[in-house]
Amino acid sequence: MTTTDTPQEVASTPDQAPAPDQAATPPTWEPESPAKPPSASLFPPIPPPPPGFIATRWAGPSYGGGPAAWLAALVGGLATAIALPLTRPGIGWFLVGLVIVGTVAHAARYAPIPDDRTERLVRAGWAVLALALLSVGTFLNAYWLHYICALGALGCFALAVAGGQSVRAVIFAAATPVLAFFRSIPWLSKGFGAWNRARDKQTTTSRTGLAIVATVVLLVVFGGLFAWADAAFAEIVSNAIPDLNFVSIRNGLLKLIIGGLLTAGAIFVVLAPPDLSGLERPASRRIGTIELVLPLGALVLLFAGFVAVQMSYLFSKAAPKGHTFSTYAVQGFGQLVVVTLLTLVVIGCAARWAPKETPRERLILRALLGALVALSLVIVASAGYRMWLYMNALGWTRERLFFGAVEIFLGFVFLLVIVAGVRLRAAWFPRAIIASFALMLLGLASVNPERYIAEQNINRFEDNRNNPAYLKTFDLGYLQFLTSDAIGELVKLPEPYKSCALLRIQDDLENTSEQWYSWNLSRQNAAAEIKKHQIDQDACSKWNELRARNASR
């Protein structure tokens, strides 16, 4: 019997080959995806942070600083290196400021101009105010006031370059010179690289100008380094250029770099100013009425209680029991100044975040801030009065005079707060505070503070010179440390006090070489005045003998 093989049987026959189309294919291997660790789902990767303020609001110029920027930086740097008397007041401070302001103003012709005419005038006013503060060192020799004015001039210059109206915008604008100082370095490098790549397309004038700039920079830098490294070469250079030595070369190189980068940084800001609109907007969040009334109301009650309890001492000439007048006046003054500053901070925060949508909310805000300002004015007046009595009783010093002027300035700020509270809108307020402080410095300089201090102390000496108790505490040594600004009053002292007080000024004028850029009107007048008097070199020894005799009485 014949049987038919089934496909299953054929496939199972071991010695029979399968058909070509039925050939077995080898199994393919696919790698298994690794199992994700449990931490991957629990801690996903952190997304990149959003671009910050510098990237979105102050990207800087889209082009590099070309030959014009390099030339402007060189002008500012050379002016600083040549004419800045870093260690003393002098006309060079004003001249260097004038050169830098003029250079930046020329660059501003190619920069975006504010649309508002008032804003343009305000920017120009800041520049004028900066130059006025730098001019103080031309007329006065009070170094402490000069350097405070120099810092104020830098702040005014920053506002002239960057602008800003609100508190946050003004603070950022004040920081722009420091930021732009460092950002100008890659900006200038970028411009130099772009010029180097396209130098074949430059005109002859442009290439010649840059060659001159490079020549001056190379000669100044390498010549200064060679003179720094070798005394013989430094002597040759000193003969060619008067008053050049190791210290002046080192300082000149540092001032060249600092002045150049400061000028380049200011131009960097002017050509692409930061967008401060985000800092000018009012606060989007508001606090509730209860959140406003409770803390401000409690503060008003505290101020009122302090004024009521201390009323007998706020304007008193006597100290409380257990205190001397001097310690009580100084301690009270310092504490009241801190209270004044903190009160201004509280008022600023309340004005920014307090609700002002309804008439009732505005009335509550005006009432609370008005009471707080009124009580603060009483405390400011008390602090100023205490300092006035203290100075009249124990003598005038630079610190007492300056902090007394600062307290008067703070009182004026509170008056500005009252004006701003009428409409609860005062975009001008932050800039008004800064301008007022700058004007306060100029007003203090116009008084000639060191002459005024000497005048008050000498008048007090004349009134009490026959009082042995007063002569025991008379501090002639302090009058010795006044600068040449006070010489018009010091020459009025009798001998040996006059010669003893003038000896230090005489030594300072004789031992310090005067350059054209360090010229100072006060020192010039003092040199002419000292020539009219015969200075006793032993006057201080005689004064010490007189003081010893008075102490033994």
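Just so it is clear, the model here is predicted, and its values are computed rather than measured.

With respect to the overall build of the chain
- The helix and strand tally for the chain stands at 26 helices and 0 strands.
- Counting over 553 residues, the chain shows a buried share of 40%.
- Of the contacts formed within the chain by residues at least 6 apart in sequence, a portion of 80% connects residues at least 24 apart.
- With the model as given, the accessible surface of the chain reaches about 31,500 Å², and the carbon-plus-sulfur share is 66%.

Concerning the side chain of glutamate 361
- Examined against the element boundaries, glutamate 361 turns out to sit in helix H17 (residues 359-394).
- At 6.0 Å, arginine 360 is the nearest oppositely charged side chain to glutamate 361, a buried residue that forms no salt bridge.
- The contacts of glutamate 361, once residues within four sequence positions are left out, are Thr289, Pro355 and Lys356.

Considering the side chain of serine 166
- Along the chain, serine 166 falls in the loop between helix H8 (143-162) and helix H9 (167-197).
- Looking at serine 166, its side chain comes within polar contact range of the main-chain nitrogen of alanine 169, at 3.3 Å.
- What serine 166 contacts, discounting residues up to four positions off in sequence, is Leu279, Glu280 and Pro430.

A word on a nonpolar patch on the surface
- On the surface, Leu218, Phe222, Leu225, Phe226 and Phe233 cluster together into a nonpolar patch covering about 480 Å² of accessible area.
- Considering each element in turn, the nonpolar patch owes the most residues, 4 residues, to helix H10 (residues 204-229).
- Note on placement: leucine 225 falls in helix H10.

Examining the environment of alanine 68
- Counting through the fold element by element, alanine 68 comes out in helix H4 (residues 67-83).
- Here the alpha-carbon distance between alanine 68 and glycine 191, two residues 123 residues apart in the chain, equals 9.9 Å.

Each value, and the rule that gives it
- Residues numbered from 1 in each chain as written.
- Predicted model: local features only at pLDDT ≥ 70, side-chain atom pairs only at ≥ 80, totals over all residues.
- Heavy atoms only, no water.
- Helix = DSSP H or I, 4+ residues; strand = E, 2+ residues; numbered from the N terminus.
- Buried < 20%, exposed > 50% of the residue type's maximum accessible area, 1.4 Å probe, protein only.
- Contact = heavy atoms within 4.5 Å.
- Areas by Shrake-Rupley, 256 points an atom, 1.4 Å probe, with all protein chains shown as cover.
- Lys, Arg positive; Asp, Glu negative; His and termini not counted.
- Salt bridge = Lys/Arg side-chain N within 4 Å of Asp/Glu carboxyl O.
- Polar contact = N/O pair within 3.5 Å; in protein donor to acceptor, adjacent residues only side chain to side chain.
- Patch = residues over 30% accessible without salt bridge, like charges linked within 9 Å, V, L, I, M, F, W, Y side chains within 5 Å.

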